[in-house]
Amino acid sequence: TMRDPVAYRIKYTPHPHVGDKWCIYPMYDFTHPINDSLENITHSCCTLEFEIRRELYYETLKRLNIYRPFVWEFSRLNLSNCVVSKRKLQTLVFNKIVNGWDDPRLVTIYGLRRRGYTASAINEFCDLTNVTRRGNENMISFYLLEYCLRKELDKTAERTMAVIDPVKLVLENVPADFKEERKGLLFPKDPERGAYPITLTKELYVDRSDVRLKDSSDFYGFAVGKVVGLKYAYPVKVTHIETGENNEITVVRAELLKDSKDKPKSYVSWVPVNESIKVETRLYELLITAYNPNAEDDILKCINPNSLTVHKNSRIHSHCKDFKVGKHYQFERFGFFCVDPDTNPDGYIVLNRSVTLAEKEKQKAMKETAAPAPKK
């Protein structure tokens, strides 16, 4: 870089802001050290490919006789299944693969914030990965970033009952006005942090993923003849499952087993029909299928077609009142969600899934026992 270095170039091309008033365009190697000096930067940090430019950086400041910061080079932080190259990000945005620069599937600052990633979780991720000089080819798994967020939200996000794709559950052996108040824990690992009331009624919503027309030995949800527990409540026995067009499940009918002493194999999430709020949920998966997108020539061939699933009729329990943008909740068994900026004052609520539960946590949640009956 010290052999005939270029400081600036002259181009008779209109500038987007000043038009034809200016034709001198400084080069990066010229402006970078001057800007750092004028801004009193103490240490200029960059990735290893800029190491060969350090001599030119220092020489420019020496010739100008102005303050010289220190320059440090280190390995690039490459995140698996993610695109950080501006050129590739532009490809995704301009081809409308994503919905703008703040799409939650992107690891831009705005995208991460909208997805629900906190500064503290990102900082912990950076502390865990640390700084190295091993080269720019090493990859860090995206799941480590998810782990950092999950660890934080487990301590800070209130739990609530919710269903992503609701199906009505009707308890046939109770009267129409049947009501029994139960308690759901806001933080199950620390019960002293409080609970919220949830009313068991004749008509409830359960999640479609927990219902099948054909049972199997590895399925723990609703199927005809099966006994399933309602979390924080009682077991129910499925008597009938109604279907509509295209054999789509519409209603599950069951009997409430209040006096049963048998422990069900699973407990599922539910919300009362009259105590639930309709919300839109957006479920995100990895956008890029390639573990190392940097090695791919055509990023458009590595797009996951199922990276976003939208459910417009999800239900969340009505004890949730705070829908300020950025507010987090944990949906029991479904993961951690964050209020999206598309939420509007008219009551249309949008929540993005920030991160799922770990698989072992999902399995544990399915097998949790019912909460004890409230004290009279």
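Each chain carries its own residue numbering, running from 1 in the direction its sequence is written. The model is predicted, so local features are restricted to residues of pLDDT at least 70 and side-chain atom pairs to those at 80 or more, both for listing and for counting; the totals for chains, interfaces and linings are taken over all residues. Calculated side-chain values reflect all of the structure's heavy atoms, with hydrogen atoms and water omitted.

Student: Talk me through the packing of aromatic side chains; I want residue IDs and the actual numbers.
Tutor: A pair of aromatic rings is counted whenever rings of Phe, Tyr or Trp (Trp by its six-membered ring) have centres within 6.5 Å, and the orientation is called stacked for planes under 30 degrees apart, edge-to-face for over 60 and tilted otherwise. For the coordinates displayed, the defined rule picks out 4 aromatic pairs. Judged by centre distance (4.0 Å) and plane angle (15°), the ring pair of phenylalanine 331 and phenylalanine 337 falls under stacked. Of the residues examined, phenylalanine 337 reaches a relative accessible area of 0% and is grouped as buried. Above the ring of tyrosine 329, the side-chain terminus of lysine 327 is found at 5.3 Å from the ring centroid. Relative accessible area decides the class of each residue, using a 1.4 Å probe on protein chains only: under 20% of the type maximum gives buried, over 50% gives exposed, and in between gives partly exposed. Note on geometry: a ring has a charge over it if NZ (lysine) or CZ (arginine) is within 6 Å of the ring centre and within 35 degrees of the ring normal.

Student: Could you give me a rundown of the sheet that holds strand β22 (residues 350–355), with the residues and numbers involved?
Tutor: Judged by pairing direction, the sheet is mixed, and its 7 strands sit side by side in the order β7-β20-β21-β22-β18-β19-β8 without closing on themselves. In this open sheet, the two edge strands, each paired with only one partner strand, are β7 (158–160) and β8 (162–163). DSSP calls a pair of strands paired once it identifies at least 2 bridges connecting them. Here a strand is any run of E in DSSP of at least two residues, a helix any run of H or I of at least four, and the numbering for each starts at the N terminus. Here β8 pairs with strand β19 (residues 308–317) via 2 bridges, running antiparallel. By the bridge assignment, alanine 162 is partnered in β19 with isoleucine 316. Most of the contacts of helix α6 (residues 142–156) go to β22, to which it runs at about 120°, and overall it touches β7, β20 (328–331), β21 (335–339) and β22. By the convention used here, residues are in contact when the closest approach between their heavy atoms is within 4.5 Å. Interaxial angles span 0 to 180 degrees and are taken between N-to-C directions of axes, which are lines fitted to C-alpha atoms, for helices over the stretch in contact.

Student: Would you mind going over the sheet that holds strand β14 (residues 235–243) in detail, with residue names and values included?
Tutor: Pairing is mixed across the open sheet formed by 7 strands, whose spatial order is β16-β13-β14-β15-β9-β12-β17. Edge positions in the sheet fall to β16 (267–268) and β17 (271–272), since each has one partner strand and no second.

Student: I'd love a proper account of α6, names of residues and values included.
Tutor: Here, expected helix span is obtained from the residue count minus one, scaled by 1.5 Å. Taking 1.5 Å per residue as the helical rise, α6 with its 15 residues ought to reach 21 Å, and the 22 Å between its terminal C-alpha atoms agrees with that figure. Buried residues of α6: Phe142, Leu145, Glu146, Cys148, Leu149, Arg150, Leu153 and Asp154, and no others. N-cap assignment for α6: the residue whose side-chain oxygen lies 3.1 Å from the backbone N of tyrosine 143 is serine 141. Polar contact criterion, stated in full: a pair of N or O atoms within 3.5 Å, where within protein one must be able to donate a hydrogen and the other to accept it, and residues adjacent in sequence count only if both atoms are side-chain atoms.

Student: I'd like a description of the pairing of β14, backed by residues and values.
Tutor: Where strand β13 (residues 227–230) and β14 come together, 3 bridges link them in antiparallel fashion. Looking across to β14, one finds that glycine 229 is bridged to proline 235. Adjacent in sequence and paired antiparallel, β13 and β14 are bridged by 4 residues, among which tyrosine 232 carries a positive phi angle near 65°. By the bridge criterion, 7 bridges tie β14 to strand β15 (residues 249–256) in an arrangement that is antiparallel. Paired with valine 236 across the two strands is leucine 256, which belongs to β15. The antiparallel hairpin formed by β14 and β15 contains 5 residues in its connecting segment, where asparagine 246 sits at a positive phi of about 60°.

Student: Please set out the pattern of salt bridges residue by residue, giving values where relevant.
Tutor: We count a salt bridge whenever a side-chain nitrogen from Lys or Arg sits within 4 Å of a carboxyl oxygen from Asp or Glu. Applying the stated criterion across every chain yields a total of 28 salt bridges. Residue arginine 53 pairs with aspartate 29 through a salt bridge whose shortest N-O separation is 2.8 Å. Pair noted here: arginine 53 is in the loop between β3 (43–47) and α2 (54–64) and aspartate 29 is in helix α1 (residues 28–38), with a separation of 24 residues, a long-range link. Notably, a salt bridge pairs arginine 63 with glutamate 59, separated by 2.8 Å at the nearest N-O pair. Placement of the pair is arginine 63 and glutamate 59 together in helix α2, with a separation of 4 residues, close to one helical turn. What you see here is one network of salt bridges that share partners, running through Asp102, Arg114, Glu280, Arg282, Lys312, Asp340 and Asp342.

None of the figures reported here should be taken as evidence of function without further support.
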